[in-house]
Amino acid sequence: MPKLKKSEMRLINSIFNMEEGYCLDFSNRTMAEFFEDELNVEIYNDKYSFNGTSKARRIRAFIEVEDELLVSKLLKKLYEHKASILNSPKDDIKDKKLFDLISHIESAASNVAVSKLSEKAKVLDFDTVSTDLDRALNDAKNDPESAITSACSTLESVCRSILVEMKIKLPKSKDLMSLYKEVRKPLGLTPDTSAFPSDIANDVLKILGGLTTTVEGIGALRTHAGDAHGREKGYKRVDSRIASLSVHAASTLALFILETWQRSYPGKQLNISPTGS
């Protein structure tokens, strides 16, 4: 859930005409339909009544309890609805502040996977992952090439440690893609697995196929843009957004692999020396 400043809530109240307990042109019925159609949420559930039962109070409660992605989606959809209303007033300065706030909330949402991975690593006594991840996060803006290398190392550490723990021989080639191909077999993450309920099997398999492509991309990016192979004179710096994308993608994948490991082998801890040792 986003932690908004009072000034940010005042901005939201002002833009969406929520000061008097209302919201834009919504009636009780149309607001219920809006939340159901756009967010698949029952806004008149008691969950959102702890601040009061007016439309504005329910929306403020929603912002207080729901996660960043859902809140940012709500603000976007509310703004789209406001723009569709005939003669709806515009304020370019306030609108810009709202878009900046939405970007800030979405940025916070992107850190969720990273935070969860950090917590998971500590629970599993997985020091190497914590070290690689911390280095990647610190470097994303100031040294994006190093961040890309660290993101790849994070995933390599996860895959390598599981193989070591399961006493499975490491592949001849120790690159990320080879390690991932080896670790997904014992964890039931191969594209041809039938370990999922039939009604969602095809959907899950599509995601697993996408994970393989993502792993391949993270490894290739390290080769082409990381700092592991040195930097020639006059090289072009990598956009920090790309470095952040690599870090967050690697974190999400590593978290999924670790949670799959825990599900298959509850109670076991992973301990590993750094990759490459």
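Before reading on, note that the structure itself is shown above.
Note that the structure is a prediction, hence the values are computed from the model and not measured.

Is there a simple way to explain the packing of helix α8 (residues 144–165) against helix α11 (residues 240–264) in this structure?
Two numbers describe a pair of packed helices, the interaxial angle and the distance between the axes. It is at 8 Å that the axes of α8 and α11 come closest, and there the two elements cross at 10°. As judged from the angle between their axes, α8 and α11 are roughly parallel. Here P144, A147, I148, A151, T154, L155, V158, C159, I162 and E165 of α8 come into contact with α11, specifically with S240, A243, S246, V247, A250, L253, A254, I257, L258 and W261. Of the residues assigned to the contact of α8 with α11, the class counts are 16 nonpolar, three polar and one charged.

Just checking my understanding: could you explain the packing of helix α10 (residues 201–225) against α11 for this structure?
Following both chains from N to C, one finds α10 and α11 inclined at 135°, their axes separated by 10 Å at the closest point. Looking at the two axes, α10 sits oblique to α11. Along this stretch, α10 crosses α11, giving a crossing that reads as left-handed. Here α10 contributes L208, L211, T214, V215, I218 and L221 to the contact with α11, which in turn contributes I242, S246, A249, A250, L253 and F256. Of the residues contributing to the contact of α10 with α11, the split by class is 10 nonpolar, two polar and no charged.

Conventions used here
Residues numbered from 1 in each chain as written. Predicted model: local features only at pLDDT ≥ 70, side-chain atom pairs only at ≥ 80, totals over all residues. Heavy atoms only, no water. Axes fitted to C-alpha atoms, helices over the stretch in contact; angles between N-to-C directions. Helix = DSSP H or I, 4+ residues; strand = E, 2+ residues; numbered from the N terminus. Parallel < 35°, antiparallel > 145°, perpendicular 65-115°, else oblique. Contact = heavy atoms within 4.5 Å. Nonpolar A, V, L, I, M, F, W, Y, C, P; charged D, E, K, R; others polar. Left-handed = near helix turned anticlockwise from the far one by under 90°.

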